[in-house]
Amino acid sequence: ILSAMCASGKYNSRGPALIPRMKIKHRIYYITLFSVVLLGLVATGMFQFWPHSIESTADWTLDKRSIHDAPLIRLPVSSPIPERGDLSCRMHTCFDVYRCGYNPKNRIKVYIYPLQRFADELGVPISSTGLSREYNDLLSAISDSDFYTDDVTRACLFIPSIDVLNQNSLRIRETAQALAMLPRWDKGMNHLLFNMLPGGPPDYNTALDVPRDRALLAGGGFSTWTYRQGYDISIPVYSPLSADVELPERQPGPRRYFILSSQTAIHREYRAELERLKEENGEALLLLDKCSNLSQGAASARKRCYKGQVYDYPQILQESSFCVVLRGARLGQATLSDVLQAGCVPVILADSYILPFSEVLDWKRASVVIPEEKLSEMYTILKSIPHRQVEEMQRQARWFWDAYFSSMKAVGLTTLQIINDRIYPYAARTYEQWNNPPVVKWSSVNSPLFLPLIPPRAPGFTAVVLTYDRVESLFRVITEISKVPSLAKLLVVWNNQNKSPPEESLWPKVSVPLKVVRTKENKLSNRFFPYDEIETEAVLAIDDDIIMLTSDELQFGYEVWREFPDRLVGYPGRLHLWDHEMGKWKYESEWTNEVSMVLTGAAFYHKYFNYLYTYKMPGDIKNWVDAHMNCEDIAMNFLVANITGKAPIKVTPRKKFKCPECTAIDGLSLDQTHMVERSECINKFASVFGTMPLKVVEHRADPVLYKDDFPEKLKSFPNIGSL
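The rules we used
Residue numbers restart at each chain and count upward from 1, following the sequence in its written direction. Per-residue local features of the predicted model are confined to residues with pLDDT of at least 70, and side-chain atom pairs are confined, for both listing and counting, to 80 or more; whole-chain, interface and lining totals are unaffected and use all residues. In computing side-chain properties, one takes all heavy atoms of the structure into account and sets aside hydrogens as well as water. To qualify as a helix, a DSSP run of H or I must reach at least 4 residues; to qualify as a strand, a run of E must reach at least 2; elements of each kind are numbered from the N terminus. For every residue, the accessible area (1.4 Å probe, protein chains only) is compared with the maximum for its type, and the residue is labelled buried under 20%, exposed over 50%, or partly exposed between those bounds. The contact definition used throughout considers only heavy atoms, calling two residues in contact when any of these lie within 4.5 Å. In short, Shrake-Rupley with a 1.4 Å probe defines the accessible areas, and a residue's cover is counted only from the protein chains shown. As a per-residue measure, pLDDT reflects the predictor's confidence and takes values from 0 up to 100. Cysteine sulfur atoms are paired as a disulfide whenever they fall within 2.5 Å.

A. Molecular detail of the overall build of the protein. Along the backbone of the protein there are 18 helices and 25 strands. By residue count, 50% of the 723 residues in the protein fall in the buried class. A separation of at least 24 residues holds for 77% of the contacts in the protein among residues at least 6 apart in sequence. Carbon and sulfur atoms make up 54% of the accessible area of the protein, which totals about 36600 Å².

B. Broad picture of the side chain of Glu174. Inspection of the secondary structure assignment puts Glu174 in helix H4 (residues 172-180). Of the residues examined, Glu174 reaches a relative accessible area of 15% and is grouped as buried.

C. Fine view of the confidence of the model for the protein. Mean pLDDT over the protein works out to 85, with 84% of the residues at or above the 70 mark. Per-element averaging of pLDDT across the protein places helix H1 (residues 2-49) at the bottom with 50 and strand S4 (residues 157-159) at the top with 98.

D. Expanded view of unusual backbone geometry. Here the bond from Pro201 into Pro202 is cis, since omega is 5 degrees, no more than 30 degrees from zero. Looking at the secondary structure, you find Pro202 in the loop between strand S5 (192-195) and strand S6 (216-219). In this structure, the amide linkage connecting Tyr313 to the following residue, Pro314, adopts the cis form with an omega of 10 degrees. As for its position among the elements, Pro314 is in the loop between strand S11 (309-312) and strand S12 (320-326). One non-glycine residue, Lys307, lies in positive phi territory at about 50 degrees.

E. Here's a closer look at the state of the cysteines. Evaluation of the coordinates by the stated rule reveals 5 disulfides. The side chain of Cys89 participates in a disulfide bridge whose partner is Cys94; the two sulfur atoms lie 2.0 Å from each other. Taking the sign of the torsion about the S-S bond as the criterion, the disulfide between Cys89 and Cys94, at about -80 degrees, is left-handed. Classification of Cys94 by relative accessible area gives buried; the value is 3%. The disulfide that involves Cys631 links it to Cys681, with 1.8 Å between the sulfurs.

As structure tokens, this is what we get:
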């Protein structure tokens, strides 16, 4: 025990002395090690979540980033120079679409190079202006858009931060060398350059003179000789007045002047020809020039003069129906943008000029293009355009400016959308989306042309009953329709402004919602208005005197429509015929083996066509129908057939739909007048559409077992009715 205690005493005597010495010796080591590990974890986290691409930049606002703060890159004299540019380039030869890849949003990703300053070996910059306000706005808009990515590895398209908008400010050779030094240049593959003022004196080339290899060019002055169809993008020459002058939109219609010319640097031969037109047509033509009595500066740029009288520019443009846009030293002119903003129809005289965004925009709807050699005939040509067409062109011109010309953001994003449509053509915007002003929100309405083959069964249909004052007949119709199993809602369009609808207590009791809409004017087109109350895809248009249809007939008609949602499916069938003796179309209601129309007094159709009828009906058809109080059903048949290229479907054998209260004599006289008016309608509509879209068929749809000698309980639709 003693020896054990002694041993224990030795251990205890040494133990307490050794342990504190170890802590003191290694304390600093442990603290240092822990600090290093902690800092490593923090640094790793920052690296993971902080933007770490060495080529990335997400800030393009002029306030936060200045060209003077960008790093300076000196270009050796021996730096490589790109090739001039391959005129044979197309998207399938000079653009790597595989870099874009597939993504669920069908949207290209665009990378913007970091801002850098380039200079030659002597320190002279490649550009006299650096980064212009316009190019900065363009890059800022792209960086704020859904197209932008700061991950260079995900990019499909690359945009240099080198400003080449105005060739006048560039040193051509050095700018080309700067482009070639970009890390991802690869002979310009998948690179996009924006240029609005190409060429220089004396010849003013219509495309950027900077050698650019295979890069795409968004240029503001292409001619047919320099434009690479389907590869380059023709863009407008931005007008600085767009940002400085706000012109309120003016309603289309006649203006004080018929033709106005406001350009100041017109070739003397063109000005002489315009002066001759002025002499011939007097006050109808206003020929303006720069003001010689005003000092040069920003203020004088906004003035135009004629014989000492001073006009504000561009405000004066709103006082003319047509505005002349002549070629200058360059094909592309900023005047075009000013004219569109004013809602004045541009008259473009610039042979071989590729109009801005002409790949997607239909300029025939917003401008008049006249060959330069026919300048002397300009007045006669413009006078031949109908007033209504001029108003449509004025409206379209202003909308083009609002949508595509009004800012550098609009120009830039439109350019990217065009490229996006090329790469993802199956998701591209349609002609209508590019060219039709968004008068109404379409997001909640799907076109039946792209619906599944059979729409969902659950929603049913909405019955829209047009009525005026036949209350008793209306109530009978409502009662019969309410028996149809698939009816989801009843909508009564009360078209009588001089009489109120019956009290709520007098209406038939039905098991579905019943809504009465009172119209402001007695117009037949009210039956096809896209009312918010119509929530189902299917619509049954029915008159307030169609009391003879059974619930089985209506249910069967709805089932047929479900299989053909892009067709008019109806009951009264009609035919159009060509009258060889009269040399025009004829309306036919006799019983024949053919049908080309079903009347919307009792017909199913997709609610999408309500929007087309109300907002997209060609020409003056809609107003003509309302003025004549006839033929709205024929107009709907024309519209649907023209859109789909398909004939309507007549269902069930019933042919008689006459008003029971009408006498035979009244009916005969009504029929004679009726037939003449309806024939006039067909000829009128065919003229407006420019074609005859109606299709003739020789079949109708009947239920299976309808004529078979089977027990009624085995038939799905036993009560189909008679002729």
